[in-house]
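Listed below, chain by chain, are the residues.
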Amino acid sequence: MRVIGRVYEVVVDRLVQLSKSAFRMTEGIDQVHAGQIDYRASEMTRLHGKNTVITARDLVKADAKQIHMG
């Protein structure tokens, strides 16, 4: 199974995944290249790293009752 998993690649037009919970752990780089990405959480979203970089060409928007920086 490990040998097959190391060389397993799939090319599809559409992929739908539904699950109660999902967990993914990667030792190297995890990259996504997309036209648009939309993540939604009903309670909390967390993005954490030793260094975190957010860049935009035209607009960065933060909208909340409170914004804590620093």
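The shown structure was predicted, so the numbers you read here are calculated from the model rather than taken from an experiment.

Caption draft 1: Summary view of the overall build of the chain. A tally of regular secondary structure across the chain gives one helix and zero strands. Computed over C-alpha atoms, the radius of gyration of the chain comes to 17 Å, more than 25% over the 11 Å expected from 2.2 N^0.38 for 70 residues, which places it beyond the range of a compact globule. Dimensions along the principal axes, computed over C-alpha positions, put the chain at roughly 50 × 30 × 25 Å. Every one of the 70 residues in the chain was classed for burial, and the buried ones make up 0%. Split by element, the accessible area of the chain, about 9100 Å² in all, is 51% carbon and sulfur. In the chain, 11 positive and 8 negative side-chain charges are present, and the distance between their average locations comes to 5 Å.

Caption draft 2: Region of the structure containing the pattern of salt bridges. For the structure shown, the criterion picks out two salt bridges. Among the salt bridges present, the one from Asp-30 reaches Arg-24, with a minimum N-O distance of 2.8 Å. A relative accessible area of 62% places Arg-24 in the exposed class. For the salt bridge of Arg-40 with Asp-38, the shortest nitrogen-to-oxygen distance reads 2.9 Å. Given a relative accessible area of 54%, Asp-38 falls into the exposed group.

Caption draft 3: A nonpolar patch on the surface, seen in detail. A cluster of nonpolar residues, Met-1, Ile-4, Tyr-8, Val-10, Val-12 and Leu-15, forms a patch on the protein surface that exposes about 770 Å² of accessible area. Relative to the helices and strands, Val-12 is located in the segment after helix H1 (2–6).

About the criteria used
Residues numbered from 1 in each chain as written. Predicted model: local features only at pLDDT ≥ 70, side-chain atom pairs only at ≥ 80, totals over all residues. Heavy atoms only, no water. Helix = DSSP H or I, 4+ residues; strand = E, 2+ residues; numbered from the N terminus. Rg over C-alpha atoms; globule rule 2.2 N^0.38 Å. Buried < 20%, exposed > 50% of the residue type's maximum accessible area, 1.4 Å probe, protein only. Areas by Shrake-Rupley, 256 points an atom, 1.4 Å probe, with all protein chains shown as cover. Lys, Arg positive; Asp, Glu negative; His and termini not counted. Charge placed at Lys NZ, Arg CZ, Asp CG, Glu CD. Salt bridge = Lys/Arg side-chain N within 4 Å of Asp/Glu carboxyl O. Patch = residues over 30% accessible without salt bridge, like charges linked within 9 Å, V, L, I, M, F, W, Y side chains within 5 Å.

Remember, this is a structural readout, not a statement about activity or role.
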